Amino acid sequence: MKRQEIKGILQSDAIGSTIKVSGWVRTKRESKNVNFINLNDGTVLSNLQVVADVTVFKEELLKKINTGAALTVIGELVESGGQQRVELVAKEIEVIGEADPDKYPLQPKRHSLEFLREIAHLRYRTNTFSAIARVRHSMIFAVHKFFTDKGFFNIHTPIITASDAEGAGEMFQVSTLDMSNPPRKENGEIDYSQDFFGKQTNLTVSGQLEGELAALALSKIYTFGPTFRAENSNTTRHLAEFWMIEPEMAFFDLNDNMDLAEEFLQYLIKYALDNCIEDLTFLSQRAQQEEKNKPQDQRSMELIEKLKMVSDNEFVRLTYTEAIQILQNSKPAKKGKFQYKVEGFGTDLQSEHERYLVEKHFKKPVILIDYPANIKAFYMKVNEDGKTVAAMDVLFPQIGEIIGGSQREERLDVLTEKMKAMDIPLDEMSWYLDTRRYGTVPHSGFGLGFERLITFVTGMSNIKDVIPFPRSPKNCEF
RNA sequence: UCCCUAGUAGCUCAGUUGGUUAGAGCGGCGGACUGUUAAUCCGUAGGUCGUAGGUUCAAGUCCUACCUGGGGAGCCA
């Protein structure tokens, strides 16, 4: 007999049929005449209730059915008198894998997220983390579907790179040299010519520069790959290893870029609402429980309501200069409530300022554009005013910056001047500059932090809970 | 990296101004009862209190350093 999955069984009308299921025990309740076993196989949030008559099965067998044990059950699907629509009356039970109840760390009770993070290899077996995993998968699929439907090509940009000019953050070095005794040059510096690649190499911090190369031939491309930053960041929204989506489009100006970013985010959120509602409803209830412990003014909107709010409403678009004005005229600024003062043009916006704009002033996502040139990366296009660049940051409630992008500087002379001013070695970047030398065109792109998106969609508050195995300073378990 | 905070049984926590054999709930185990729903009731076994120093007649309880977790900031996605 072929095994059926619980997702299908729970929707099945085949009352009276004999079926075979396999899964892991969530809870077992013992009665005088029958045992109730909640079985979950991860295909869906809900469990299948298996009813085992104590007169049919040996006590020896029933004792092995503990939380965490793996079972295969053959039985008859019947209507249930309890809370669930259907249940399985067991005829045969096989314990495939036992789980010693004295040692198995997951108990039929609520665990803290911090504890579950320590046993990340087992946390998939909880409702919360299996729900997150399913939502995460749906979002991966939706990303590829969105771009495919729009005629984008997916590009695999390199994981190991030799360029360290991107400036997106500290890099992890990749080397096969003997770290305890590396070969050295006469001046004492490490001799990387003897390293695997014959030069110093790192894990990528962004696929953007390589993405630009492809976009300037294929028109519209996107990358979706791992990204590594060796920043010593200890926050709820940073990881040392995370996944980033970076579309890059030839012949797109900043407005086209913003339109795409907004449409993309709304598409993803709508996709989650349309395809993951059972998991989202569970995650919402989970979040509401947590909210009860917070003071009234710090509570956030109910998850599904929040997702609909973002997917159904246009984002606010305003310039950096307009944002500065709003902030300077804001109540917290006048009352001196901001920790960092807004000094006028040139001030780098702090997260308290971004949060004020998104959560208090506009109460919806905001796209900020035209930042001062000196606080942004070298490749961003200089605007006509000469002091701002065509940058855009999409700011979300709670998350902050979920997307960062720009129209790229396509003019060779302007770009090289800027690189010189920022001490970026032109010779190492000659391959990049070739795009501007030969058939250069206006183009734009952005980067979406995938885990930040998942954090928002699932309503989780720590980014370490939306990636299966988080890598962060002092933590590389599993 | 900086600031704040925590580190006590498997988990979540309580341990009063430092003072005799360190407590509870949940979970586990044993039993009772029951078509149950993180069942209920009774009983029972688990810890020397993050690590290393120090103060003191006496430290889980005070001090110092380190480690780890959590929150916030910076950096950013």
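Residues numbered from 1 in each chain as written. Chains lettered and ligands numbered in written order. Predicted model: local features only at pLDDT ≥ 70, side-chain atom pairs only at ≥ 80, totals over all residues. Heavy atoms only, no water.

Things to note about the packing of helix 9 (residues 320–328) against helix 11 (residues 351–362)
Helix packing geometry: the angle between the two helix axes and the distance between the axes. Close contact between helix 9 and helix 11 brings their axes to 11 Å; oriented N to C, the two are set at 75 degrees. The angle between helix 9 and helix 11 falls in the class roughly perpendicular. Counting all contacts with helix 9, which are made through A323, I326 and L327, the residues of helix 11 involved are H353, Y356, L357, H361 and F362. Looking at the contact of helix 9 with helix 11 residue by residue, the class counts come to six nonpolar, two polar and no charged. (Axes fitted to C-alpha atoms, helices over the stretch in contact; angles between N-to-C directions. Helix = DSSP H or I, 4+ residues; strand = E, 2+ residues; numbered from the N terminus. Parallel < 35°, antiparallel > 145°, perpendicular 65-115°, else oblique. Contact = heavy atoms within 4.5 Å. Nonpolar A, V, L, I, M, F, W, Y, C, P; charged D, E, K, R; others polar.)

Quick word on helix 7 (residues 277–291)
Between the first and last C-alpha of helix 7 there are 20 Å, a value that for 15 residues agrees with the 21 Å anticipated at 1.5 Å per step. Residues D279, L280, F282, L283, S284, R286, A287 and E291 constitute the buried set of helix 7. In this structure, the buried residues of helix 7 make contact with helix 3 (113–118), helix 4 (127–149), helix 6 (254–275), helix 8 (303–312) and helix 14 (450–458). (Expected span 1.5 Å × (residues − 1). Buried < 20%, exposed > 50% of the residue type's maximum accessible area, 1.4 Å probe, protein only.)

Comments concerning the confidence of the model for chain A
Chain-level statistics for chain A give a pLDDT mean of 92 and a share of 97% at 70 or above. Across chain A, the secondary-structure element scoring lowest on mean pLDDT is helix 10 (residues 331–334), at 86, and the one scoring highest is strand 7 (residues 153–154), at 98. (pLDDT = per-residue confidence, 0-100.)

As for the nonpolar core
Grouped together as the largest cluster of nonpolar side chains are 91 residues, with contacts concentrated most on M139, L280, F396 and L453. In terms of residues, this core owes the most to one element, helix 6, which gives 11 residues. Three or more residues apiece are contributed to this core by two domains, here domain 1 (3–108) and domain 2 (124–170 + 205–465). When residues no more than four places from it in sequence are discounted, the contact partners of F396 are L265, I269, V310, F315, V358, P365, I402 and F456. Counting 30 residues, the second-largest nonpolar core is a separate cluster that includes L209, A323, L327 and Y356. (Core = buried A, V, L, I, M, F, W, Y, C linked by side-chain atoms within 4.5 Å. Domains from an automatic or database assignment.)

Describing the protein's contact with RNA strand B
Near RNA strand B there are 47 residues, and of these G82, R117, T235, H238 and R452 occur at the shortest range. Those atoms of RNA strand B that come within 4 Å of the protein belong to sugar or phosphate at a rate of 50%. Between RNA strand B and S351, the relevant distance is 2.8 Å, taken from a phosphate oxygen to a side-chain nitrogen or oxygen of the residue. Broken down by element, the surface near RNA strand B gets its largest block of residues, four residues, from strand 16 (residues 400–407). Here the surface near RNA strand B is built from residues that sort into 10 nonpolar, 19 polar and 18 charged. (Near = heavy atom within 4 Å. Polar contact = N/O pair within 3.5 Å; in protein donor to acceptor, adjacent residues only side chain to side chain.)

Remarks on the packing of aromatic side chains
By the definition in use, this model includes 22 aromatic pairs. Where F315 meets F396, the ring centres are 5.9 Å apart and the plane angle is 80 degrees; that geometry is what we call edge-to-face. In this pair, F315 sits in the loop between helix 8 and strand 13 (316–319) while F396 sits in strand 15 (residues 388–396), placing the two residues 81 residues apart along the sequence. There is no split in this pair, since F315 and F396 are both buried. Here the aromatic residues F141, F146, F147, F152, Y222, F264, Y267, Y271 and F446 are joined through ring pairs into a cluster of three or more. Against the face of F345 rests K387, its NZ or CZ located 4.4 Å from the ring centre. (Phe/Tyr/Trp six-rings, centres within 6.5 Å; stacked < 30°, edge-to-face > 60°. Lys NZ or Arg CZ within 6 Å of the ring centre and 35° of its normal.)

Things to note about the environment of L357
Looking at the secondary structure, you find L357 in helix 11. The class for L357 is buried, based on a relative accessible area of 0%. Counting along the chain gives 39 residues from L357 to F396, while the straight-line C-alpha distance between them is 9.9 Å. Apart from the residues within four sequence positions on either side, L357 is in contact with A323, I326, L327, F362, K363, V366 and L368.

Thoughts on the layout of surface pockets
Within this model, the second largest pocket holds a volume of roughly 710 Å³. Lining the second largest pocket are 31 residues; nearest its centre among them are K109, R110, H111, T126 and N127. Those elements that place two or more of their residues in the lining of the second largest pocket are strand 2 (18–30), helix 3, helix 4 and helix 7. Counting the residues that make up the lining of the second largest pocket, at least three belong to each of domain 1 (3–108) and domain 2 (124–170 + 205–465). (1 Å grid on protein atoms, 1.4 Å probe; cavity = no way out; pocket = protein on both sides within 12 Å on 5 of 7 lines; lining within 4 Å. Points joined across faces, edges and corners; volume = space filled by probe spheres on them.)

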